[in-house]
Amino acid sequence: MHIHILGICGTFMGGLAALAREAGHKVTGCDSGVYPPMSDQLRQLGIELIEGYGADQIALKPDMYVVGNVVSRKRLPDGSPKFPLMEAILDTGAAYTSGPQWLAEHVLRGRHVLAVAGTHGKTTTTSMLTWVLECAGLQPGFLVGGVPLDFGVSARLGAAQRPAAGPGPVGDEPVFVIEADEYDTAFFDKRSKFVHYRPRTAVLNNLEFDHADIFDDLAAIERQFHHLIRTVPSTGRVVSNGLEESLTRVLAEGCWSEVRSFGSAVSDFSADGDPSDFAVLHRGKKVAQLRWSLTGVHNQLNALAAIAAADHLGVSAEVACEALSRFQNVKRRMELRGTVNGIEVYDDFAHHPTAIRTTLDGLRRKLGAEARILAVFEPRSNTMKLGTMKSQLPWSLESADLVFCHTAGLDWDAAEALESMGVGPGQRAQVAGDIETLIAQISAVVRPGDHIVCMSNGGFGGIHAKLLEALK
């Protein structure tokens, strides 16, 4: 089959392209401003990339156009379509589908799917679970919204059959782990992506309000999470965070599968000890100990979720913890980008206020009260750009000594939102409309021994390399 992917450089669509190529399909694709690192990875796989969404691509005549959710039927100020290729597809009656639908029909069918959903920690928890199953001998396939350092790629098909040496009392299908996003599928399918995946093991890591561009309120997202629960078979398992009231409400709407909880003192799986060295308890009884390099309560909860999900496939907590003790995390999750004059510069994907807070709190726990943390962030997600959560920013940044906010593209006043922290030169917070000014502000106050955490769900204008160069 020849598939042509619209929006191929996105993390999800790029991973789908890699899976399709590995499965033997011919894959081509297009995107606007074809960009690395995904463009480099795809070209290395022999996938032809086309710049833009020109209608002339209809001449490729693939068997199927796979449409990413970046594509819409919006029109430019002059009245012309923003995505001419999509208009040509519709006009000619060519076959098209969404990425999640194609994945469900051509990759996930016939596999034991473990889907990891949640507002925060999806990528990390998916990577943890995949690594645990790999170490248990199950040779899982996976699609992650990032690059797990233990694998070096964001997607692979995995074993075509369940390895005989691996555990697994539940069925004998090959295993596939997928990051399950609640964002909508495509302009023609407004259901959440994860509704397509039909998991046998569903992880509900946490649930807060997000994606203000497509959801009106938290109840609307809870409804989508319940749609996911409806697709889990009676022989399946739902792994849910016992600390989340929102997930308690979701489960109360109805659940037809085995439920295992984690996180709270009365959960099936809980932790006792510091997030970097803790006992794993199963219904109050110690079953394993995990000592690892990761920090933060959020990662402790991520680990419990992965352990509870792997348990559904017969992987013991002891085996899971041994694997997690060697887990290398994911690119852009507190990734140390370099050290100059004793100053460490980190890159982190945190962009929601809760994620920012947990990231900084984890680092503070690791470093202690005396170390200085400089938080550098840009409100880049659709939710943050809308200003929906701007009032939570001072709370999210409490663990930082100094704060620097990149304000380009915002329709709201970041200085006003951070006012309670004190804004301006010599104050705790500063704002800047461009990267160069931001770097100058940081350079003026940074000291040897400081820890600079750059947080964004985008490239952040290459600020990490620029900072390291400026600090020499």
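The rules behind the values
Residue indices follow the written sequence of each chain, beginning from 1 at its first position. The model is predicted, so local features are restricted to residues of pLDDT at least 70 and side-chain atom pairs to those at 80 or more, both for listing and for counting; the totals for chains, interfaces and linings are taken over all residues. The side-chain figures draw on all heavy atoms in the structure; neither hydrogens nor water molecules are used. UniProt positions are given in the numbering used here, feature names are shortened, and annotations may be inferred rather than shown by experiment. Salt bridges are counted wherever a side-chain nitrogen of Lys or Arg sits within 4 Å of a carboxyl oxygen of Asp or Glu. A run of H or I in DSSP counts as a helix once it spans at least four residues, and a run of E counts as a strand once it spans at least two, with each numbered from the N terminus. Pairing between two strands requires that DSSP report at least two bridges joining them. Orientation is described by lines fitted to C-alpha atoms, with helices fitted over the stretch in contact, and by angles between N-to-C directions that extend from 0 to 180 degrees. Contacts are assigned to residue pairs that have any heavy atoms within 4.5 Å of one another. Buried Ala, Val, Leu, Ile, Met, Phe, Trp, Tyr and Cys residues form a nonpolar core when they are joined through side-chain atoms within 4.5 Å. Here's how the labels work: a residue is buried when its accessible area is under 20% of the maximum for its type, exposed when over 50%, partly exposed in between, all with a 1.4 Å probe on protein chains only. An angle below 35 degrees is treated as roughly parallel, one above 145 as roughly antiparallel, one from 65 to 115 as roughly perpendicular, and anything else as oblique. Crossing handedness: left-handed means the near helix sits turned counterclockwise from the far one by under a right angle, and right-handed means the same turn made clockwise.

In its Catalytic activity (unreviewed entry) section, UniProt records this for the protein: "UDP-N-acetyl-alpha-D-muramate + L-alanyl-gamma-D-glutamyl-meso-2,6-diaminopimelate + ATP = UDP-N-acetyl-alpha-D-muramoyl-L-alanyl-gamma-D-glutamyl-meso-2,6-diaminopimelate + ADP + phosphate + H(+)".

The next thing to look at is the pattern of salt bridges. Opposite charge on two side chains permits them to pair, given that their charged atoms come into close proximity. Inspection of every chain in the model, using the stated rule, returns 20 salt bridges. The partner of Asp277 in a salt bridge is Arg291, and the shortest N-O contact between them spans 3.4 Å. Placement of the pair is Asp277 in strand β16 (residues 277-282) and Arg291 in strand β17 (residues 285-291), with a sequence separation of 14 residues. A network of salt bridges, in which partner residues are shared, links Arg237, Glu258, Arg260 and Asp311.

Strands sit in the order β18-β19-β23-β20-β21-β22 across an open sheet of six strands; the sheet is mixed. The sheet is open, and its two edges are formed by β18 (335-340) and β22 (429-432), each paired on a single side. Averaged over all pairs of adjacent strands, the angle between their axes in this sheet comes to 20°, without regard to strand direction. In this structure, β18 lies alongside strand β19 (residues 343-348), joined through five bridges in antiparallel fashion. Counterpart to Glu335 in the pairing with β19 is Asp347. Across the sheet, helix α10 (residues 353-367) is in contact with β19, β20 (373-377) and β23 (451-455); its angle to β23 comes to roughly 165°. Docked against the sheet, helix α15 (residues 463-470) engages β18, β19, β20 and β23, running at close to 15° with respect to β18.

With that out of the way, let us pick up the nonpolar core. Counting residues in hydrophobic clusters, the biggest one holds 73 residues, and the most contacted among them are Ile3, Ile5, Ile8, Leu103, Phe225, Leu360 and Leu397. Here this core gets six residues from one element, more than from any other, and that element is helix α1 (residues 11-22). Apart from residues no more than four positions distant in its own chain, Leu360 is found in contact with Ile373, Ala375, Ser396, Leu397, Ser399, Ala400, Val453 and Met455. If you look at the next biggest cluster of nonpolar residues, it comprises 42 residues, including Leu133, Val177, Ala288 and Val315.

Take the packing of helix α6 (residues 218-230) against helix α7 (residues 245-252) next. Geometrically, a packed helix pair is captured by the angle between its two axes and the distance between the axes. Where α6 meets α7, the axes come as close as 9 Å, and the angle between the chain directions of the two elements is 50°. Taken as axis vectors, α6 and α7 run oblique relative to one another. The chirality of how α6 crosses α7 is right-handed. Where α6 approaches α7, its residues Leu218, Glu222, Phe225, His226 and Ile229 are matched on the opposing element by Ser246, Leu247, Arg249, Val250 and Leu251.

A few words on the pairing of strand β15 (residues 269-274). With six bridges joining them, β15 and β16 adopt antiparallel strand pairing. Looking across to β16, one finds that Ser270 is bridged to Leu281. Hairpin connection from β15 to β16: two residues lie between these consecutive antiparallel strands.

A separate point is the sheet that holds strand β3 (residues 48-51). Strand order in the open sheet formed by five strands is β3-β2-β1-β4-β5, and the pairing between neighbours is parallel. Two strands lie at the open edges of the sheet, namely β3 and β5 (96-98), each paired on one side alone. If you compare each strand with its neighbour and ignore which way they point, the axes differ by 25° on average. As defined by bridge partners, strand β1 (residues 2-6) adjoins strand β2 (residues 26-31) across five bridges and the pair is classed as parallel. From the neighbouring strand, Ile5 faces β2, where its bridge partner is Gly29. Packing of helix α3 (residues 84-92) onto the sheet brings it into contact with β1, β2, β4 (64-67) and β5, and relative to β1 it is tilted by some 135°. Sheet contacts for helix α4 (residues 99-108): β1, β4 and β5; angle to β5, the most-contacted strand, approximately 90°.

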